[in-house]
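Observations on the model geometry
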Amino acid sequence: MLPVMAGDSDSGSDLRSVGPIRFVGAHHMSVRMDKNRVVIFDTTLRDGEQSPGASMNLEEKVRIALLLEEMGVDVIEAGFPIASNGDFDAVQAVAARVRTATVAGLARATKGDIDRCAEAIKPAPRGRIHTFLSTSPLHMKFKLQMEPDKVLEKVSESIRYARNLVDDVEWSAEDGSRTEHDFLCRCVEAAIAAGARTINIPDTVGYAVPDEYAALIAMLFNRVPNIDRAIVSVHCHNDLGLAVANSLAAVQAGARQIECTVNGLGERAGNAAMEEIVMALRTRADRLPYSCGVRTELITRASRLVSGITGFAVQPNKAIVGRNAFAHESGIHQDGVLKHAQTYEIMTPDSVGLVRSNLVMGKHSGRAAFKAKLREMGYELDDGAVEDAFVRFKDLADRKKEVFDEDIVALVDDSVLRDNVRIRLKALEILCGNKNNPPTAGLELEDDGVVAACTASGDGPVDATFKAIKQLFPHEARLLLYQVHAVTQGTDAQAEVTVKLDEDGKTVDGQGADTDTLVASARAYVHALNKLLVKRQKTAPAALSA
Ligand code: KIV
Ligand code: ZN
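Residues numbered from 1 in each chain as written. Chains lettered and ligands numbered in written order. Predicted model: local features only at pLDDT ≥ 70, side-chain atom pairs only at ≥ 80, totals over all residues. Heavy atoms only, no water.

What follows is about the site of ligand 1. As a structural note, the neighbourhood of ligand 1 is formed by R46, D47, H130, F132, S172, E174, P202, T204, H235 and H237. Here an oxygen atom of ligand 1 sits 3.0 Å away from a polar atom, N or O, in the side chain of R46. One of the side-chain nitrogen or oxygen atoms of H237 is found 3.0 Å away from an oxygen atom of ligand 1. Starting from 260 Å² of accessible surface for ligand 1 in isolation, the protein chains cover 97%. Elements with a minimum of two residues in the shell around ligand 1: strand 6 (127-134) and strand 7 (169-174). For the shell around ligand 1, the per-class residue count stands at 2 nonpolar, 5 polar and 3 charged. (Near = heavy atom within 4 Å. Polar contact = N/O pair within 3.5 Å; in protein donor to acceptor, adjacent residues only side chain to side chain. Areas by Shrake-Rupley, 256 points an atom, 1.4 Å probe, with all protein chains shown as cover. Helix = DSSP H or I, 4+ residues; strand = E, 2+ residues; numbered from the N terminus. Nonpolar A, V, L, I, M, F, W, Y, C, P; charged D, E, K, R; others polar.)

The sheet built from 8 strands closes into a barrel, its strands ordered 3-4-5-6-7-8-9-10 with parallel pairing. Taken over all neighbouring pairs, the strand axes of this sheet differ in orientation by 25° on average, direction set aside. With 2 bridges joining them, strand 3 (residues 39-42) and strand 4 (residues 75-79) adopt parallel strand pairing. If you follow F41 over to strand 4, its bridge partner there is V75. Its contacts with the sheet place helix 2 (residues 85-97) against strand 4 and strand 5 (102-108), and it is angled at close to 150° to strand 4. Packed onto the sheet, helix 6 (residues 181-194) meets strand 7 and strand 8 (198-203) and runs at close to 150° relative to strand 8. (Pairing = 2+ DSSP bridges. Axes fitted to C-alpha atoms, helices over the stretch in contact; angles between N-to-C directions. Contact = heavy atoms within 4.5 Å.)

Here we come to the coordination of the zinc ion (ligand 2). For the zinc ion (ligand 2), the full set of protein donor atoms is D47 (OD), H235 (NE2) and H237 (NE2), and the range of their distances to it is 2.0 to 2.1 Å. Here D47 falls in the buried class, since its relative accessible area comes to 2%. (Donors = N, O, S within 2.8 Å, 3.2 Å for Na, K, Ca; no water. Buried < 20%, exposed > 50% of the residue type's maximum accessible area, 1.4 Å probe, protein only.)

With phi around 65°, N263 is a residue other than glycine that occupies positive phi space. Structurally, N263 is set in the loop between strand 10 (257-260) and helix 9 (274-283). Given the relative accessible area of 16%, N263 is considered buried. The phi torsion at D504 lies on the positive side, around 45°, for a residue other than glycine. Inspection of the secondary structure puts D504 in the loop between strand 15 (495-503) and strand 16 (506-514).

What follows covers the confidence of the model for the protein. With 89% of its residues at a pLDDT of 70 or more, the protein shows a mean pLDDT of 87. Confidence drops under pLDDT 50 across residues 1-32; counting only partners more than four residues distant or on other chains, this segment forms 78 contacts. Taken as a whole, residues 539-546 scores under 50 in pLDDT and shows 23 contacts with residues more than four places along the chain or in a different chain. (pLDDT = per-residue confidence, 0-100.)

Here we come to the side chain of E259. Position of E259 relative to the elements: it lies in strand 10. Buried within the structure, E259 lacks any salt-bridge partner; its nearest side chain of opposite charge belongs to R46, at an N-O separation of 5.2 Å. There is a polar contact of 3.2 Å between the side chain of E259 and the side chain of N200. Among the polar contacts listed, one links the side chain of E259 to the side chain of Q257, at a separation of 3.0 Å. Beyond its immediate sequence surroundings of up to four residues, E259 is in contact with F41, H130, E170, N200, S233, V234, H235, C236 and A272. (Lys, Arg positive; Asp, Glu negative; His and termini not counted. Salt bridge = Lys/Arg side-chain N within 4 Å of Asp/Glu carboxyl O.)

What follows is the structure, encoded as structure tokens:
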């Protein structure tokens, strides 16, 4: 029998298996949930932002949050309010804009953290305090330097304190997957008795394997007497590449909330990728009869928005959202797909919002066609960003024979990155050189509205360009990475450049795209500097220790 294609049904959820219904405050509008409904908790803005180099400013966080809400994500973890004023403001801004999803903030098990979190989420119609404490022997001994009984006491105390401020409290047993079972059961029971409605068991270091993790969740259901008064949640890191597999195995064992991020962004190797989880539920509803409320057709848009803002490119062969995920290169596959798409496609591109557009763009295309094209590709930009992208598109179309969809993606992402920035590249001229006359860069930069110019020579044109930028905008950041890749084929292809900078342990990635590799390089460097300026305003994020 042929599998049912994701995209053939409108949700992929299996509602035949509706069982007893319970009320769950976690989900927006306190909907009545069927027993197979999985709450999707997105932590792109919190755990995702903890990826070295993936900083986002307030306005960018709000944009991502609004798209997550539109997608139907149930809970949006917007940040860690105590970490910095910037984090606090961003959580508050998200809480003020998001109307239907629950907005969560993270807090350690201290009154200061919890108060700050409660304050930040106050504007949200549905706010959640997500408080956590380590429970594994290793963490308790070396990180917390606390005896287990003290930890247990603190779990109850912190949750009771949070419950006095909000109804919806989630508690996480940090390093839960490496916690002794007896102690974990005692903590979970105490957390629920103190008022936690969601109990999260993170695989903080990505150490678990699926059957072991599922058994841990099943063990909690078997041994914790009040477990039916809470939703059990999972939060898996991807250090062994098992985050999605572990999350799904846990759902099969009874977990009903999955914490995940767009593109799998997150600490170290990242978190479970939301798009993979949601598409696995949709595509394999036969084996995974669980539903969630996410509109999968918005996945591609969300992936592009997050990678554009963070500067974390999606690897081409990444499941669901990589640019090769639906591409068929080999003759045998192409032949098969042409005869019957399901020979090699288990999901339709449409089901993840990947529309191959029929609008061919070139130098004669006008503003209206360009706007229609953007809409078709899933972009919704404000007028300023559309105008900026259009001017750059015309310029590109003048220089390049064919403008491909990939070119437009690179160009729009590049324009979006330059919204609300302090430093802008105005002009760049390069004079090639040799041993006796080194290459020279003539550069114009705008800093806070003031334009300045200079020339600098260097060991090659890229070096000259970066030296000129440093001359006009002095800084101590070290260049950690310089990487170029061609967006399409041909010598007139746009170059997409990534630059990684480090300043006092703070790393940022910058991106730039242009048919001129040196202009793309300068744009990437300037983008990284702008991100560094945002980072400088933040104090070091409070280490995740209680
Ligand atoms: O990985 C982890 O344990 C966390 C907790 C704070 C939930 O991110
Ligand atoms: Zn985490």
